[in-house]
2 protein chains.
Amino acid sequence: MKPTHIEHLGIAVNSLEESIPFFENVLGLKCYSIEEVADQKVKTAFFLVGQTKIELLESTDPEGPIGKFLANKGQGVHHVAFAVEGVQKALDFAADKGIRLIDKTPRKGAEGLSIAFLHPKSTCGVLMELCEHPQK
Amino acid sequence: MKPTHIEHLGIAVNSLEESIPFFENVLGLKCYSIEEVADQKVKTAFFLVGQTKIELLESTDPEGPIGKFLANKGQGVHHVAFAVEGVQKALDFAADKGIRLIDKTPRKGAEGLSIAFLHPKSTCGVLMELCEHPQK
């Protein structure tokens, strides 16, 4: 499938309010957007560093995916998102190679991206997202 | 400090031999280097995707940092490395902001980089590396 770059890193944090100052005041990155993704039960904050966005994820519901992740593992990298051309084609390719998929078809994520997740059991323990900007 | 990009992602894996085929045959990235870093007790495999390298880390000693990480957490993202201009200057800046440092001065990492780690207690649970190519 040959991703072009890492589109974003998703980092689960306890609180956007407590985490944003580290990224702004220490790393010197600017938070350019805060967005709630209701169906994922998260509030997100975005920063750009080179080609890659950092997406901080604060849970809005302990039963949501980030709420459960934080309860099990604490704060840390939640997923790595690769930019691909054609998410469906990439999913089909991965499935053909025996990779377990979380999403068999793309769905809509933060920033209007078309996204789908591969299962970490098939991807060296790292939850991986494939994504594409919708205008492509 | 304003990093220019994510230089690499370090991913702890049980076995390079078992993990490299996923990155090569599914993601379509090429493993361009395998290197042992004796003082870190790891064997590393590198891939490039856009501006960012993926560094797979296999432990060569259960008492080393990756051996302990794998025993505690299993496979997954171990650290995020930001490219900065001037690692020592960036460390001093972070320390001034109250960030806990693992390395007070830079040391030599894989690929000859000058590297230093910030403590995850200060960086939202994510082990963060600052690094710079030595020719700079």
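This text follows the structure it describes.
A short tour of the structure in this document, coming up. All of these numbers come straight from a predicted model, not from anything done at the bench.

Rules used throughout
Residues numbered from 1 in each chain as written. Chains lettered and ligands numbered in written order. Predicted model: local features only at pLDDT ≥ 70, side-chain atom pairs only at ≥ 80, totals over all residues. Heavy atoms only, no water. Phe/Tyr/Trp six-rings, centres within 6.5 Å; stacked < 30°, edge-to-face > 60°. Buried < 20%, exposed > 50% of the residue type's maximum accessible area, 1.4 Å probe, protein only. Least-squares fit on C-alpha atoms with pLDDT ≥ 70 in both. Contact = heavy atoms within 4.5 Å. Helix = DSSP H or I, 4+ residues; strand = E, 2+ residues; numbered from the N terminus. Salt bridge = Lys/Arg side-chain N within 4 Å of Asp/Glu carboxyl O. Polar contact = N/O pair within 3.5 Å; in protein donor to acceptor, adjacent residues only side chain to side chain. Nonpolar A, V, L, I, M, F, W, Y, C, P; charged D, E, K, R; others polar. Pairing = 2+ DSSP bridges. Axes fitted to C-alpha atoms, helices over the stretch in contact; angles between N-to-C directions.

### Some details on the packing of aromatic side chains
Moving on, step 1. Overall, the coordinates contain 6 aromatic pairs over all chains when judged by the stated rule.
Moving on, step 2. For the pair Phe22 of chain B and Phe23 of chain B, a centre-to-centre distance of 5.2 Å together with 85° between the ring planes defines the contact as edge-to-face.
Moving on, step 3. Judged by its relative accessible area of 6%, Phe22 of chain B is buried.
Moving on, step 4. Residue classification places Phe23 of chain B among the buried positions, given a relative accessible area of 0%.
Moving on, step 5. Members of the aromatic cluster, joined through ring pairs, are Phe22, Phe23 and Phe47 of chain A.

### Things to note about the relation of the copies chain A and chain B
Moving on, step 1. Between chain A and chain B, the superposition needs a rotation of 180° and an axial shift of 0.0 Å, giving an RMSD of 0.0 Å. The symmetry that links the two subunits is that of a two-fold axis.
Moving on, step 2. Comparing interface residues between copies, 100% of those in chain A also sit at the interface in chain B, which points to an isologous, same-surface contact.

### Focus on the environment of Ile54 of chain A
Moving on, step 1. With respect to the secondary-structure elements, Ile54 of chain A resides in strand 4 (residues 52–59).
Moving on, step 2. Taking the relative accessible area as the measure of exposure, Ile54 of chain A reaches 1% and is therefore buried.
Moving on, step 3. Contact partners of Ile54 of chain A, with chain neighbours within four places excluded, come to Leu9, Ile11, Phe23, Leu29, Ala45, Phe46, Phe47 and Val49 of chain A together with Phe82 of chain B.

### As for the pattern of salt bridges
Moving on, step 1. In this structure the tally under the stated criterion is 6 salt bridges over all chains.
Moving on, step 2. Here Asp103 of chain A makes a salt bridge to Arg107 of chain A, at a shortest N to O gap of 2.9 Å.

### A short note on the interface of chain A and chain B
Note on interface size: it is often stated as the accessible area lost on association of the parts.
Moving on, step 1. Listed by partner, the interface residues are 38 residues for chain A and 38 residues for chain B.
Moving on, step 2. Viewed at the interface, chain B and chain A are joined by 0 salt bridges.
Moving on, step 3. Taken together, the connections running from chain A to chain B amount to 7 residue pairs in polar contact (both at pLDDT 80 or more).
Moving on, step 4. Among the secondary structure elements, those contributing two or more residues to the side of chain A that touches chain B are strand 1 (5–13), helix 1 (16–26), strand 4, strand 5 (76–83) and helix 3 (87–96) of chain A.
Moving on, step 5. Of the residues belonging to the side of chain A that touches chain B, the class tally is 23 nonpolar, 13 polar and 2 charged.

### A closer look at the side chain of Glu132 of chain A
Residues and elements named next belong to chain A.
Moving on, step 1. You can see Glu132 is positioned in strand 8 (residues 128–132).
Moving on, step 2. From its side chain, Glu132 meets the backbone nitrogen of Gly86 in a polar contact 2.9 Å long.
Moving on, step 3. Not counting chain neighbours up to four residues away, the residues in contact with Glu132 comprise Val84, Glu85, Gly86, Val87, Leu113 and Ser114.

### What about the sheet that holds strand 4 (residues 52–59) of chain B?
All names here are of chain B.
Moving on, step 1. Read from one edge to the other, the open sheet built from 8 strands follows the order 2-3-4-1-5-8-7-6, with strand pairing classed as mixed. The sheet is open, and its two edges are formed by strand 2 (33–37) and strand 6 (107–108), each paired on a single side.
Moving on, step 2. Bridge count for strand 1 (residues 5–13) against strand 4 is 6 bridges, and the pairing is parallel. Opposite His8, over in strand 4, you have Lys53 as the bridge partner.
Moving on, step 3. Against the sheet, helix 1 (residues 16–26) makes contact with strand 1, strand 2, strand 3 (42–49) and strand 4, and its axis sits at roughly 160° relative to strand 4, the strand it touches most.
Moving on, step 4. Its contacts with the sheet place helix 3 (residues 87–96) against strand 7 (114–118) and strand 8 (128–132), and it is angled at close to 15° to strand 7.

### Let's talk about the sheet that holds strand 1 of chain A
All names here are of chain A.
Moving on, step 1. Taken in spatial order, the 8 strands line up as 2-3-4-1-5-8-7-6 in an open sheet, and their pairing is mixed. Either end of the sheet is taken by a strand with one partner, and the two such strands are strand 2 (33–37) and strand 6 (107–108).
Moving on, step 2. For strand 3 (residues 42–49) and strand 4, the ladder comprises 8 bridges, and the chain directions are antiparallel. Along strand 4, the bridge assignment pairs Phe46 with Glu55.

By themselves, these are just geometric observations and shouldn't be taken as functional.
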